[in-house]
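Observations on the model geometry
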Amino acid sequence: MHVLIVEDDDLVGDGLKAGLEALGQTTDWVRTAATADTALELAHFDVVVLDLGLPDQDGMALLERWRRQGREIPVLILTARDAVPDRVAGLEAGADDYLAKPFDLSELVARLHSLVRRASGRAINLIQYGPLRFDPAKLEVSLDDRPVSLSRRELAVLQALLQNPGRLLTPGQLQDHVYGWSEGVESNAVAVHVHNLRRKLGGDLIETVRGLGYRIRKLSP
Ligand code: CA
């Protein structure tokens, strides 16, 4: 899951980024509405955590503008504790969920997963693909009921492919899922992760379309 954090408070932003990464999520952190716009233009994100008090534009106004522009990305807003009017206005502005500060990181992650799951139309959290089972919330993978240990990046590549069954993803698109846009990435990084996934999960799972990218192989009926 690639999370965009929009938060101008250094302490909160830093804690969120470090915490979400420790829980296995790919994150980018921006401090202004303008850079949030740029980030959404530049990279693929699954979900946004949005603070309402931003220096250049009110978070609520930013969210309203995104919805007017047809941006459907799930958004969770961070509100001051017990600020009921904020919550109501946020939901009316197009937020999908809200959390009051201070909040528990594991609750935040659970809610983000639930938003992403809802957005992708899956009712339950588990992704089952033939003998492969993937739990995005717990970051657990098993093959024929045997647990398989994957790195954070490998998990992110696998999740991106599984969430787009049959769709071809270019190395650039996969990189967007796996790395923050500010991270330095080796040009062959995605190919290395795919290689490792094949080694751990079997060579048949991920198909290479030469010169274009990768996709999950169709299950044989
Ligand atoms: Ca703020």
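For clarity, every value in this text was computed on a predicted model and none was experimentally measured.

Time to look at the coordination of the calcium ion. Only Asp8 (OD), Asp51 (OD) and Gly53 (O) from the protein coordinate the calcium ion, and they sit 2.2 to 2.4 Å from it. Each donor residue of the calcium ion lies on the same chain, and together they follow the pattern D-x42-D-x1-G. Of this pair, Asp8 sits in the loop between strand 1 (2-6) and helix 1 (10-22) while Asp51 is found in strand 3 (residues 47-51), placing the two residues 43 residues apart along the sequence. On the basis of relative accessible area, Asp8 is assigned to the partly exposed category, the value being 31%.

A few words now on the sheet that holds strand 9 (residues 146-148). Spatially, 6-7-8-9 is the arrangement adopted by the four strands of the open sheet, whose pairing is antiparallel. A strand with exactly one partner marks an edge of an open sheet, and here the two such strands are strand 6 (127-129) and strand 9. On average, each strand axis in the sheet is inclined to that of its neighbour by 25°, with strand direction left out of account. Of the pairings in the sheet, the one linking strand 7 (residues 132-135) to strand 8 (residues 140-143) comprises four bridges and is antiparallel in character. Residue pairing for strand 8: Asp135 is matched across the bridge by Glu140. Along the sheet, helix 6 (residues 152-163) makes contact with strand 6, strand 7 and strand 8, crossing strand 7 at roughly 110°. In the packing of helix 8 (residues 189-201) onto the sheet, contacts are made with strand 7, strand 8 and strand 9, and the angle to strand 8 comes to roughly 50°.

Now for the sheet that holds strand 2 (residues 26-30). One open sheet accounts for five strands, arranged 2-1-3-4-5; its pairing is parallel. Taken across any chain shown, the strands that pair with only one partner, and hence form the sheet edges, are strand 2 and strand 5 (97-100). For this sheet the average axis-to-axis angle between neighbouring strands, irrespective of direction, equals 20°. Alignment of strand 1 against strand 2, held across five bridges, turns out to be parallel. Looking across to strand 2, one finds that Val3 is bridged to Thr27.

A word on the nonpolar core. Residues Leu132, Val141 and Leu158 are the most contacted members of the largest nonpolar core, which totals 28 residues. With near-sequence residues (within four places) excluded, Val141 lies in contact with Leu132, Arg133, Phe134, Arg146, Pro147, Val148, Leu150, Leu155, Leu158 and Leu201. Listed in part, the 22 residues of the second largest apolar core include Val30, Val48, Leu50 and Ile77.

A few words now on the pairing of strand 7. Sheet analysis places strand 6 next to strand 7, joined by three bridges and oriented antiparallel. Paired with Tyr129 across the two strands is Leu132, which belongs to strand 7. Connecting the antiparallel pair strand 6 and strand 7 is a turn made up of two residues, with Gly130 showing a positive phi of about 55°. Counted between consecutive antiparallel strands, the loop separating strand 7 from strand 8 contains four residues, among which Leu139 sits at a positive phi close to 55°.

The next point concerns the packing of aromatic side chains. A full pass over the atoms with the stated rule returns zero aromatic pairs. Seen from the ring of Trp29, Arg31 lies directly overhead, with NZ or CZ sitting 4.1 Å from the centre.

This part covers the packing of helix 3 (residues 59-68) against helix 4 (residues 84-93). Relative orientation of the contacting elements helix 3 and helix 4 amounts to 20°, with a least axis distance of 9 Å. Relative to helix 4, helix 3 is oriented roughly parallel. Handedness of the crossing formed by helix 3 with helix 4: right-handed. Across the interface between the two elements, Met60, Leu63, Glu64 and Arg67 from helix 3 touch Asp86, Ala89, Gly90 and Ala93 from helix 4.

Parameters and conventions
Residues numbered from 1 in each chain as written. Predicted model: local features only at pLDDT ≥ 70, side-chain atom pairs only at ≥ 80, totals over all residues. Heavy atoms only, no water. Donors = N, O, S within 2.8 Å, 3.2 Å for Na, K, Ca; no water. Helix = DSSP H or I, 4+ residues; strand = E, 2+ residues; numbered from the N terminus. Buried < 20%, exposed > 50% of the residue type's maximum accessible area, 1.4 Å probe, protein only. Pairing = 2+ DSSP bridges. Axes fitted to C-alpha atoms, helices over the stretch in contact; angles between N-to-C directions. Contact = heavy atoms within 4.5 Å. Core = buried A, V, L, I, M, F, W, Y, C linked by side-chain atoms within 4.5 Å. Phe/Tyr/Trp six-rings, centres within 6.5 Å; stacked < 30°, edge-to-face > 60°. Lys NZ or Arg CZ within 6 Å of the ring centre and 35° of its normal. Parallel < 35°, antiparallel > 145°, perpendicular 65-115°, else oblique. Left-handed = near helix turned anticlockwise from the far one by under 90°.

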